[in-house]
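Topology and contacts: notes
Letter by letter, the chains look like this.
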Amino acid sequence: MSDQLNRDDERLARLVREAGDPSVLPDPQYAQRLRTMILARVGPSETVASATEDIRKADVPAAWERTRQMKRIAKFAVAATILVASGILAGWLTIGGGSTNIAFAEVVKALDAVRTATYECTMEMTNAMDGNTHTININMKCFFLAPSCERNEMWTSMGTGTDKANSILILDHKAMRGLTLAPEQKLATVVDLTKIKRPAGPSSPFEMVRQLVREGRSNLHEKVESLGKKEIDGRVAVGFRTHSNMADQIFWADPQTARLVQVEVDFGGDSGHGVMSNFRYDMALDPSLFSLAPPAGYTINTIEATMPGEDDLINTLRLIAEHNDGTFPSALGMGNREFLQATQAASISATQEFLKEPETAKLLKDLQAQYGKDKDGFMKAWMKAQMPFTQKLTQKHMQGMMFYNMLGSQNDSHYAGMGVKLGTPNRPIFWYKPTGADNYRVMYADLSVKEMTPGDLEKLPAAKSE
Amino acid sequence: MADDEESRMISALKQGNRSTWSAAVDRHFAEVYGFVFHLVGDDRAVAEDLNQEVWLHAIDGISQCDALRGSFRNWLFGIARRRVALYYRRRAVAGNPTSLSSDPLGETAESRDVSVLPKDVLEQVERAGVVRAAVLLLPDDRREALLGKYVEGLSVETIAIRMGRTAKAVESLLSRAREQLRGLLGGHVMPDGDGRRAMSKRGVVP
């Protein structure tokens, strides 16, 4: 019996020795992602006091170092927000979120449809960050595959900076689905736009311009101005200017083929402009360029876009006023200075709260341990880890302006809130006519909303001055 | 009789206390991951998926964790064990659809089994992987003593100094570790009857 036990022990000892130390560490980024997911599934975070206590307990940088890091991280989060916002903006431009496409409801049947196209786009956006105006340069290489797929490869940089963030946006206009890729971070974001009402009318700039050129007239429901002829790169082109809440656009097209030669976009005020050029048509394009499947090895996030509503605009107006000395902005629009400053301040504030979350503190600690003095590696890993938070925050902040941008000429929207103080009694600041409705919705400076007939609207002093 | 501290912890987990869950993740994340990792042939991608399933099942099913029946750790490893077994059974079913029965994934039977994995799936796992997973199931002090003795080749006295225990206590830990390990490895890995004998004793479940 004793011999048997000894033999058993020896056999067991050999097995354990041969197997070796079983300790194995999971990939830190995977571990952090799952940890965050687990805690998110458990429930909302506890009080700020307990979160702060957790940070205090966490043995990450000394106070001054932590403060310095937090400032840098918060600033970086803003940069990430801009990158995400640029992607969303580009998406809305191409998907027709600007009402330019929406208004051309009576689409003539497409003739000699473009099968494929490529073009280049440069955009210069100004952004008032930290009280200073920064220029964001976006260079895009764009691909189009009929009937409704686009791929935009973007390089975004700030000011004269040489650091360029690369991102790819793929959209299927008809399926209302998209995919954004951040190759450097290997981050994929699946964008579900199916809950957004698909705009009626042409689903691409090509179809729209073809209609404009062939009909040679303005659509009754849209403000389209003929600009006559102009020579571009040795070719005569005819031009049309359209207006929407998002931007004014000028389309230059070949009068013979109705194909685009150049497009100019102006976001209004000093907020930015862009030029699309070097259009080429009907070349062979690999369909895989337009695949909406995230590439292997990418971390996948999902954004489900919800239909922006009136409440979103109210929340945005309140946010702006609260960050602007209680005063409503000078104008509405994605590029509005007060809007950008308010959303950035709110982003920094939310990011600082996010940094106080115990799981975020743990993430920072792990990343610092992993990357040591490799600050770039640390910041890239951090940016990747916090991207879902940033995307959600950006989406929340942009919903209000998206609602405004989606209002077309048939909605007859007007803003009259410039310089008006939040809470001013009986002061209308914005009104519009919902699609298909007879009456207007009027928003007041106390952010209440009333319904009004067109006749009553005429009696409003603010409406008269418009 | 459940340990008061363990009962309080399980109660806090059931109430969705984030700090307690956070501490539980800190405490058990790596060992659960390692357990799964060794049992799926060191395949990180599969291990990551299964480990995620384990934790999400734990959160969703925490109301079923009973302090009177064992520790949270044992309960958590029970989930891990079932997820790995399910993985192999799904794979087998996918490769041989004609083997489908009324309980193709065998979920009803495995709760009666005390080894690292149910016997029907244990044969599919490399022996060294099973041993590593079994060692991870041991309580910390037993594991430390066992690895010190057999992997590092330390004397009992050295292990005792390192662990702040007496030599006698370490001998006791080693004895219990071996006994538990025999039960966990079962007849497939310990073919000479060790599994049978160990399984007949109490305390072989991690």
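This paragraph deals with the packing of helix H7 (residues 310-322) of chain A against helix H8 (residues 337-356) of chain A. All names here are of chain A. Running from amino to carboxyl end, H7 crosses H8 at an angle of 85°, the nearest separation of the two axes being 8 Å. Between H7 and H8, the angle is such that the two are roughly perpendicular. The residues of H8 that touch H7, namely those facing Thr316, Leu319 and Ile320, are Glu338, Phe339, Ala342, Thr343 and Ala346. Residue composition of the contact of H7 with H8, grouped by class: five nonpolar, two polar and one charged.

Residues and elements named next belong to chain A. Residues Thr299, Asn301 and Ile303 point to one face of strand S12 (residues 299-304) and are all buried, whereas Ile300, Thr302 and Glu304, pointing to the other face, are not buried. In this structure, strand S6 (residues 187-192) lies alongside S12, joined through six bridges in parallel fashion. Residue pairing in the sheet places valine 191 in a bridge with isoleucine 303 of S12.

On to the layout of surface pockets. For the largest pocket, the calculated volume is near 1400 Å³. Looking at the largest pocket, it is lined by 43 residues, and the ones nearest its centre are Thr36(A), Met37(A), Ala385(A), Pro388(A) and Phe389(A). Elements with a contribution of two residues or more to the lining of the largest pocket: helix H2 (28-42), S12, H8, helix H9 (358-371) and helix H10 (375-406) of chain A together with helix H3 (44-61) of chain B. Broken down by element, the lining of the largest pocket gets its largest block of residues, 11 residues, from H10(A). Among the residues forming the lining of the largest pocket, the class breakdown is 18 nonpolar, 13 polar and 12 charged.

Attention now moves to the packing of aromatic side chains. Residue and element names in this part refer to chain A. Summed over the entire model, instances satisfying the criterion amount to 10 aromatic pairs over all chains. Joined through ring pairs, the aromatic side chains of Phe403, Tyr404, Phe430 and Tyr432 make up one cluster. When the ring centre of tyrosine 444 is taken as origin, the NZ or CZ atom of lysine 450, which lies over that ring, is 4.9 Å away.

Moving on, we get to the packing of helix H1 (residues 4-14) of chain B against helix H2 (residues 18-39) of chain B. Residue and element names in this part refer to chain B. Here H1 crosses H2 at 115°, and the two axes come no closer than 8 Å. It follows that H1 is roughly perpendicular to H2 by the angle criterion. The handedness of the crossing between H1 and H2 is left-handed. For the pair H1 and H2, contact is made by Met9, Ala12 and Leu13 and by Thr20, Trp21 and Ala24, respectively. Partitioned by chemical class, the residues of the contact of H1 with H2 number five nonpolar, one polar and no charged.

Moving on to the sheet that holds strand S13 (residues 414-415) of chain A. Residue and element names in this part refer to chain A. Spatially, the four strands line up as an open sheet ordered S13-S14-S15-S16, and their pairing is antiparallel. Each edge of the sheet is formed by a strand with only one pairing partner; in this case those strands are S13 and strand S16 (449-452). Pairing between strand S15 (residues 440-444) and S16: four bridges, direction antiparallel. Of the residues in S16, the one forming a bridge with valine 442 is lysine 450. Against the sheet, H7 contacts S13, strand S14 (428-432), S15 and S16, and its axis sits at roughly 20° relative to S15.

All names here are of chain B. On the surface, Asp42, Asp43, Asp49 and Glu126 cluster together to form a negatively charged patch. Relative to the elements of secondary structure, glutamate 126 occurs in the loop between helix H5 (119-122) and helix H6 (127-137). Using a relative accessible area of 55% as the deciding quantity, one classes glutamate 126 as exposed.

A few words on the pairing of strand S5 (residues 177-182) of chain A. On any regular strand, side chains alternate: one points to one face of the sheet, the next to the other face. All names here are of chain A. The pairing of S5 with S6 spans six bridges and is antiparallel. Bridge pairing in S6 places arginine 177 opposite aspartate 192. The turn joining S5 and S6, which pair antiparallel and follow one another in sequence, is formed by four residues; a positive phi near 50° is taken by lysine 186.

Moving on: the pattern of salt bridges. Residues and elements named next belong to chain B. With the rule as written, the count across this model stands at 21 salt bridges over all chains. Here arginine 83 and glutamate 53 are joined by a salt bridge, their closest N and O atoms 3.1 Å apart. One end of the pair, arginine 83, is in helix H4 (residues 72-95); the other, glutamate 53, is in helix H3, with 30 residues separating them in the sequence. By relative accessible area, which is 11% here, arginine 83 ends up buried. Using a relative accessible area of 26% as the deciding quantity, one classes glutamate 53 as partly exposed. Via salt bridges that share partners, Arg27, Glu31, Arg73, Asp140 and Arg143 belong to a single interconnected network.

Take the confidence of the model for chain B next. Low-pLDDT stretches of the model should not have their predicted coordinates read in fine detail. All names here are of chain B. On average, chain B scores 78 in pLDDT, and the residues at 70 or more come to 79%. At the level of individual helices and strands, chain B shows its lowest average pLDDT in helix H10 (residues 194-200), which scores 38, and its highest in H3, which scores 91. Low confidence marks residues 96-113, where pLDDT is under 50. Its contacts with residues over four positions away, or in another chain, come to 22 contacts. When the criterion is pLDDT under 50, residues 193-206 qualifies, and its contacts beyond four places in sequence or with other chains add up to 33 contacts. ipTM for the predicted complex: 0.80, alongside a pTM of 0.47.

Thresholds, definitions, all that
- Residues numbered from 1 in each chain as written.
- Chains lettered and ligands numbered in written order.
- Predicted model: local features only at pLDDT ≥ 70, side-chain atom pairs only at ≥ 80, totals over all residues.
- Heavy atoms only, no water.
- Axes fitted to C-alpha atoms, helices over the stretch in contact; angles between N-to-C directions.
- Helix = DSSP H or I, 4+ residues; strand = E, 2+ residues; numbered from the N terminus.
- Parallel < 35°, antiparallel > 145°, perpendicular 65-115°, else oblique.
- Contact = heavy atoms within 4.5 Å.
- Nonpolar A, V, L, I, M, F, W, Y, C, P; charged D, E, K, R; others polar.
- Buried < 20%, exposed > 50% of the residue type's maximum accessible area, 1.4 Å probe, protein only.
- Pairing = 2+ DSSP bridges.
- 1 Å grid on protein atoms, 1.4 Å probe; cavity = no way out; pocket = protein on both sides within 12 Å on 5 of 7 lines; lining within 4 Å.
- Points joined across faces, edges and corners; volume = space filled by probe spheres on them.
- Phe/Tyr/Trp six-rings, centres within 6.5 Å; stacked < 30°, edge-to-face > 60°.
- Lys NZ or Arg CZ within 6 Å of the ring centre and 35° of its normal.
- Left-handed = near helix turned anticlockwise from the far one by under 90°.
- Patch = residues over 30% accessible without salt bridge, like charges linked within 9 Å, V, L, I, M, F, W, Y side chains within 5 Å.
- Areas by Shrake-Rupley, 256 points an atom, 1.4 Å probe, with all protein chains shown as cover.
- Salt bridge = Lys/Arg side-chain N within 4 Å of Asp/Glu carboxyl O.
- Lys, Arg positive; Asp, Glu negative; His and termini not counted.
- Charge placed at Lys NZ, Arg CZ, Asp CG, Glu CD.
- pLDDT = per-residue confidence, 0-100.

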